[in-house]
Amino acid sequence: MKVSLNWVKQFVSIEMPVERLVDAIGSKLGEVEEVVDWGARYKGIVIAQIKHKAQHPDADKLAVYQVDTGTGKDVQVVAADKNLKPGYKVAWIPPGAHVPITYDREPLIIESRKLRGVTSNGMLGSANELAIGSHDQGVAVLDASLKTGTQLLDLFELDDYIIEIENKMFTHRPDCFGILGVAREIAGILGRPFQSPEWYKTMNLKNNGAQNAQLACDNQIPEFAPRFMMQVIENVNLQTSPLKIQSYLMRVGIKPQNNIVDLSNYFMQLTGQPTHTFDLDKIKTLSSDDPPVLGPRMAKSGETLKVLGGKSLKLTSEDIVIATDQKAVALAGVIGGQETDIDSKTSNIIIECATFDRYKIHASAMGHGLFTDAATRFSKGQSSLQQPAVLSKVASEIASFSGNVQDPIDNKNSAAKPYGTIATTSQFINDRLGSNFVTSEIAKLLQNVEISARHNNDKLEITVPFWRQDLAIAEDIVEEVGRLKGYDYLPKNLPQRSLKPARRNQFLDFKAKLRDNLSSGGANQMLTYNFVNGELLKKAKQNPKKAFRIANALSHDLQYYRLSITPSLLDHVHPNIKAGHPTFGLFELGKSHSNDDIDNKLNLPNEHELIAFVFAAEEKQAKKSFDGAAYYQALTFLSHMLGYRNSSQVLQSCRFIPLKKFNLKQQPWLFHVAMPFDPDKSAVLENKGQGVAVIGEYKEEVSSVLKLPEFCAGFEANLELIQALLPKQNYKPIAKFPKSHQDITFSISKTASFADLSAAVNGFFVDFNKKTDCQTNVAPSDIYQDATHKYVTFSIDFINPRRTFTTAEINVLLNDLSEYLKKKINARRA
Amino acid sequence: MNYKIKQIAEAKTALTKRFKKLKNKADILKAPELKRLYKSIPSLEPSQRKAFGSEVNQLKTELESLVQEAANKTVKSRKAIDITAPFDVNTAKNKKPTVLNSQLGSIHPLMRELDDIVDIFYRMGFEVVEPRQIDDDYHMFESLNFPPSHPARDDYDTFVTSEGFVAPAHTSTMQNRVLQNYKHLLDQDEHIRVVIPGRVFRNEDVDARHEHTFYQVEGVCVGQSINVGNLIATLESFLQEYFKKNVEVKTQPSYFPFTEPSLEFVLTCPFCDKKGCHICSQSGWIEWLGCGMIHPNVLKMAGINPDQYTGFAWGGGVDRLVMIKYGIEDVRHFHSGKLEFLRQFS
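Bear in mind the structure is a predicted one, so any value in this text is a computation, not a measurement. (Residues numbered from 1 in each chain as written. Chains lettered and ligands numbered in written order. Predicted model: local features only at pLDDT ≥ 70, side-chain atom pairs only at ≥ 80, totals over all residues. Heavy atoms only, no water.)

Caption draft 1: Representation of the overall build of chain A. Secondary structure assignment for chain A yields 25 helices and 40 strands. The C-alpha radius of gyration of chain A comes to 41 Å, more than 25% above the 28 Å expected for a compact globule of 830 residues. Along the three orthogonal principal directions, the C-alpha set of chain A runs to about 130 × 80 × 60 Å. Within chain A, the proportion of its 830 residues that are buried is 56%. (Helix = DSSP H or I, 4+ residues; strand = E, 2+ residues; numbered from the N terminus. Rg over C-alpha atoms; globule rule 2.2 N^0.38 Å. Buried < 20%, exposed > 50% of the residue type's maximum accessible area, 1.4 Å probe, protein only.)

Okay, structure coming up:
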């Protein structure tokens, strides 16, 4: 909302410097976005009188004027306007001064220069160039009574500041979309009583009926158009408005047109209430009734309307239109129709002044992309109680030029409530502000902004003024008091609380732990977007049809909710290698969603908390540092992530099932997670039939299209399922006697899996530990493979709580183990 | 397959020869020769077009099957692995898989700062709840006192899925849930005190200062006689602890449908101490968050009696604070996935 300070000053006197006023507005009314020193553009421009006129010797289209600029010495100016006569008063822009209209964008500074050989010292401005009117043909001829040499700044209150206040603050303040409302608030925040002009508070109209000789009203939708008023003025005279009105409109960003439209706009700026003018004779031709009937109705779906500016709208049944019995003539609350527009031939007009359902107007403006000043105001919900005052003011101002005002038509929904009252107490207010205001102090703050507040001891009875439809509950009064006082002046006290500790969020702590572990393993946590391009899903072999599609995304890169995190990580592998990082581990914690996985109770998609990791090494580095498949590198990180103690227990409580053998269909999230992984070189980590993670290398096609290096593998795990597997702390007393150590190697067929052997070995020792109260810790230390067999070496610690194991005891035990393994899985001791 | 048309037969010879040398076998399908053959079809005599076209198609099919064969071969040639083993067979002792040097590791700065922020609020007695990342209109707007078609909805530039779900544009989507889940505390004369750190989404163009994906911390405090002064004091205390220095704060009135009254919170720039610098756009002040007293309708919708209890809520951006703290010049770095950026936060 652009506010002209001088316009405000017509209603409230302000002596303080503008900087201090702006600070006060910022802290007590709303954020000030910009302050424009409007007068700065007029620096140097003075009123001059034409002394002498001559034809330019070399240019038919130019005249050479001698002008008196108040210094007593004539100045020569060349101008294209040849109609100026000696004695005329004009505005002279001297060399070095700005052309005012260009001041804010691409400023143009005038200089002395020769025009076809004749020196022109400065320029004589048109109304538009001077930013005081719309006329741009010819030099502006000013009032003859003006004194030569006077600064233009002193005219029309041009020495002004335009303060732009953020609209958002006024979402619930339709009154502040008018200068009057802002002036009232400024008085309030300066602690002064405000007086609205008398005409504004006049509520009664004489002779208001539903029709008269010229016009009738048919309001088909009183629920969406609670009040619809019209007034006819006959024999109007279309002309340009006085420059003062035009200049005020230009300051707040409205283009002046003619006295009728300008006055309608001027009073909209002043009060927040838009009015619209129709050409009565054009309305008559579009109506079969006599007198013509005009009023609001819902548009018919597919109905079209050509609006001001020439755009043709295709309406929906949600739009409100103003229509005759034959035809829609305006999109209500948003924009007028072109067919019934005021033009130079207009002699009889209808002024329409209405209020509409704010949500319908908002939807229409959004739907048609027409963010007009009227729509902005109506969508905040204007008060129907100010219509009579605004309508009669606009009508009488138009008629002051010429014309006969006819009786107004007033169609109102009797259900509309007039004044509301709010009962509250100073304690209620103080409790919520943390303040200690006495009742009379509160009442005074409210009365300053014309909110009547009767008070008796602690009690306050507030009568809501007609322009404040936002005030409905006692909390609204809390806001008024806090704001007008200034929140920054409230006592600042921390809430009093008990010493009860806040419980930490264990899942958050768990995630932080995994994150810290990975980072301690040299991996880097990244964040990528939840939204991905459909192409990336396809590259990762996922099905975009299963992903939630963003219907209003600005870019293709934000087309879908991702189905898992791995594709986003893989997408960053190649760029990082290219940037000169030969080896790295990337990981991200995030959520996945898919449209085949809905919580039917909540009617919301299930969310899965996942962690994804990818390890990559470019070719040379991989050869130098790593033997064997990248898969094991991912496995090492998975185990490091879980932590030393947890990892052995978590991994032992799970089975590694080859991805190609696992039925993914039971768990949609797992299905999507698994898609980029190579079924031959990946495993599902399974616990009690449920997959908790996928680990492995990526499909050949995925690698190729995402330019992954050969040595690349990773995992993606479900954090909640992993958390559920975490073992409780399982303390074992520290051994009193030195442990014994022994390596032992078994061979199995090349085609048997390591797990077959290790499960049997572990089973044997778990059994032994149980029977004997001894402890044995088994860890594989080497796997050798030849053409036919695998040879696995286990490194075993033997701990006896009573004494050290003897070599003989260990040998017996290992012989038993060998016998056991031979029978069980046909493994041989090597 | 032999081709009758000379041009096509020649192309086949050239292409099969090249195919053997190609590293990425699928590139053969993009060969200019093949494109040229297709392009030449319209300029042929109509009578010849059909025969020519069908031979070109045959050539393409032949090349495609070559590519497929090669792909099958590579897949098979990849060495099988035992996915149940802890490391690969015949791995040298000094080349066993191992994690990287821990000095290379890093935690994302936003996550580290969120931890720090959350820790301060823990100490102030707030519990922590994480938000959803896909939600419904009820939690995004309705439960927060935004009627349908309310113009304030426009301020949130919300992403919507074709099914009508929304990507939360603020962490306030959790307010109703948190109030419901914690309201039993009020009967025990305790406050509801919860912070909600999480990811939010706005449908806007990305530049050095704007992201469509960013982080907020929401805070909710409800109890008897909780007031605006408490709100300002709480946020001020937080900021002083976070920046470990005195920062001045001021407020400006604002409007949100879910708070009444509503305020915006502004702090002195901790970089220049009000002198004006590039971080604060020379103003000396930084706009940080929106806050206010929870609207009675919001409390009611969560089953809390607004006559008995009052509360405040805020929602502030985390990215902005972190950028201020570290002097990070471009918000896009956070989601860039660049190791140059990430590894600075080890």
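Having put the structure on the table, let's press on.
Caption draft 2: Main features of a negative patch on the surface. Together, D218, D289, D290 and D325 of chain A make up a region of like negative charge exposed at the surface. Residue class for D290 of chain A comes out exposed when judged on its relative accessible area of 73%. (Patch = residues over 30% accessible without salt bridge, like charges linked within 9 Å, V, L, I, M, F, W, Y side chains within 5 Å. Areas by Shrake-Rupley, 256 points an atom, 1.4 Å probe, with all protein chains shown as cover. Salt bridge = Lys/Arg side-chain N within 4 Å of Asp/Glu carboxyl O. Lys, Arg positive; Asp, Glu negative; His and termini not counted. Charge placed at Lys NZ, Arg CZ, Asp CG, Glu CD.)

Caption draft 3: Just the sheet that holds strand β4 (residues 63-68) of chain A, in detail. All names here are of chain A. Reading across from one edge, β5-β4-β3-β6-β9 is the order of the 5 strands in this open sheet, with antiparallel pairing throughout. The open sheet terminates on both sides in strands that have one partner only, identified here as β5 (74-79) and β9 (123-124). As paired strands, strand β3 (residues 46-55) and strand β6 (residues 89-93) are joined by 4 bridges and run antiparallel to one another. Counterpart to Q49 in the pairing with β6 is K89. (Pairing = 2+ DSSP bridges.)

Caption draft 4: Local environment of the pattern of salt bridges. Residues and elements named next belong to chain A. For the structure on display, the rule yields 56 salt bridges over all chains. Here K327 ties to E339 by a salt bridge, and the two come within 2.5 Å at their closest N and O atoms. Here K327 is found in the loop between β17 (320-323) and β18 (328-331), whereas its partner E339 is found in the loop between β19 (335-336) and β20 (349-355), with 12 residues between them in sequence. R515 is the partner of D516 in a salt bridge, and the nearest nitrogen-oxygen pair spans 3.2 Å. When salt bridges that share partners are traced, they join R173, D175, E185, R468, D470, E480 and R483 into one network.

Caption draft 5: Region of the structure containing the packing of aromatic side chains. All names here are of chain A. The final tally for this structure, using the stated rule, is 47 aromatic pairs over all chains. Considering the side-chain rings of W7 and Y248, the 5.2 Å spacing of their centres and the 45° angle between planes classify their relative orientation as tilted. With W7 in helix α1 (residues 5-9) and Y248 in helix α5 (residues 243-251), the pair connects residues that are 241 residues apart, well separated along the chain. Here W7 falls in the buried class, since its relative accessible area comes to 0%. Note on Y248: relative accessible area 1%, which makes it buried. Joined through ring pairs, the aromatic side chains of W7, W199, Y200, Y248, Y266, F267, F466 and W467 make up one cluster. (Phe/Tyr/Trp six-rings, centres within 6.5 Å; stacked < 30°, edge-to-face > 60°.)

Caption draft 6: Region of the structure containing the environment of A187 of chain A. Residue and element names in this part refer to chain A. Summarising the element assignment, A187 is placed in helix α3 (residues 179-189). Sequence-wise, A187 and N448 are 261 residues apart; in three dimensions their C-alpha atoms are separated by 7.1 Å. Leave out the neighbours within four places in its chain, and A187 touches V12, R192 and F194. (Contact = heavy atoms within 4.5 Å.)

Caption draft 7: Seen up close, the pairing of strand β9 (residues 310-317) of chain B. Residues and elements named next belong to chain B. The buried fraction of β9 amounts to 8 of the 8 residues, a majority that puts the element mostly inside the structure. Residues T310, F312, W314 and G316 line one face of β9 and the alternating positions G311, A313, G315 and G317 line the opposite face, and both faces are buried. In terms of strand pairing, strand β5 (residues 213-223) meets β9 through 8 bridges, oriented antiparallel. Its bridge partner being in β9, G223 is matched across the sheet by T310.

Caption draft 8: Structural context of the interface of chain B and chain A. Across the boundary between the two partners, chain B contributes 123 residues, which contact 128 residues of chain A. Here chain B and chain A share an interface that buries about 10,300 Å² over both sides, 55% of which is from carbon and sulfur atoms. Taken together, the connections running from chain B to chain A amount to 5 salt bridges. Among the salt bridges present, the one from E236 of chain B reaches K492 of chain A, with a minimum N-O distance of 3.2 Å. For the pair chain B and chain A, the interface holds 52 residue pairs in polar contact (both at pLDDT 80 or more). Among the elements that make up the side of chain B that touches chain A, the one with the highest residue count is helix α8 (residues 228-243) of chain B (8 residues). (Buried area = accessible area lost by both parts, 1.4 Å probe. Polar contact = N/O pair within 3.5 Å; in protein donor to acceptor, adjacent residues only side chain to side chain.)

Caption draft 9: Structural view of the sheet that holds strand β35 (residues 690-698) of chain A. All names here are of chain A. Strand order in the open sheet formed by 7 strands is β26-β29-β32-β36-β35-β34-β33, with mixed pairing between adjacent strands. Bordering the open sheet on either side are β26 (524-525) and β33 (655-658), each of which pairs with just one other strand. Pairing analysis gives 7 bridges linking strand β34 (residues 677-687) to β35, with the strands arranged antiparallel. Within β35, the position partnered with F677 by the bridge is Y698.

Caption draft 10: Expanded view of the nonpolar core. Among the nonpolar cores identified, the biggest contains 238 residues, and Y631 of chain A together with L239 of chain B are the most heavily contacted of them. Of the residues forming this core, the biggest block, 9 residues, is contributed by helix α19 (residues 630-642) of chain A. V307, L331, L370 and I409 of chain A belong to the second-largest nonpolar core, a separate cluster that totals 38 residues. (Core = buried A, V, L, I, M, F, W, Y, C linked by side-chain atoms within 4.5 Å.)

Caption draft 11: Examining unusual backbone geometry more closely. Going from D290 of chain A to P291 of chain A, the amide bond is cis rather than trans, its omega being -5°. Mapped onto the elements, P291 of chain A comes out in the loop between α7 (280-285) and β14 (293-298). Put simply, E260 of chain B and P261 of chain B share a cis peptide bond, and its omega is -5°. Looking at the element boundaries, P261 of chain B is found in strand β7 (residues 259-268).

Caption draft 12: Spatial organisation of the packing of α8 of chain B against helix α10 (residues 318-326) of chain B. Residues and elements named next belong to chain B. Where α8 contacts α10, the two axes come as close as 12 Å, and the packing angle between them is 40°. The pairing of α8 with α10 is recorded here as oblique in orientation. Between α8 and α10 the crossing geometry is right-handed. In contact with F238, L239, Y242 and F243 of α8, α10 contributes L321, V322, I324 and K325. Class assignment for the residues of the contact of α8 with α10 results in 7 nonpolar, no polar and 1 charged. (Axes fitted to C-alpha atoms, helices over the stretch in contact; angles between N-to-C directions. Parallel < 35°, antiparallel > 145°, perpendicular 65-115°, else oblique. Left-handed = near helix turned anticlockwise from the far one by under 90°. Nonpolar A, V, L, I, M, F, W, Y, C, P; charged D, E, K, R; others polar.)

Caption draft 13: Looking closely at the side chain of K89 of chain A. Residues and elements named next belong to chain A. Considering the arrangement of structural elements, one finds K89 in strand β6. Among buried charged residues, K89 stands out as having no salt bridge; its nearest opposite-charge side chain is D143, 7.5 Å away. A polar side-chain atom of K89 sits 2.8 Å from the main-chain carbonyl oxygen of A144. In this structure the side chain of K89 is engaged in a polar contact, spanning 2.5 Å, whose partner is the backbone oxygen of L146. Residues contacting K89, with those up to four places away along its chain left out, are I47, A48, Q49, A140, V141, L142, D143, A144, S145, L146 and T148.

Caption draft 14: Representation of the side chain of D410 of chain A. All names here are of chain A. Within the element layout of this structure, D410 appears in strand β22 (residues 409-412). Judged by its relative accessible area of 11%, D410 is buried. Polar contacts involving the side chain of D410 include one to the side chain of R227, which spans 2.7 Å.

The values reported here are purely geometric and, on their own, carry no functional implication.
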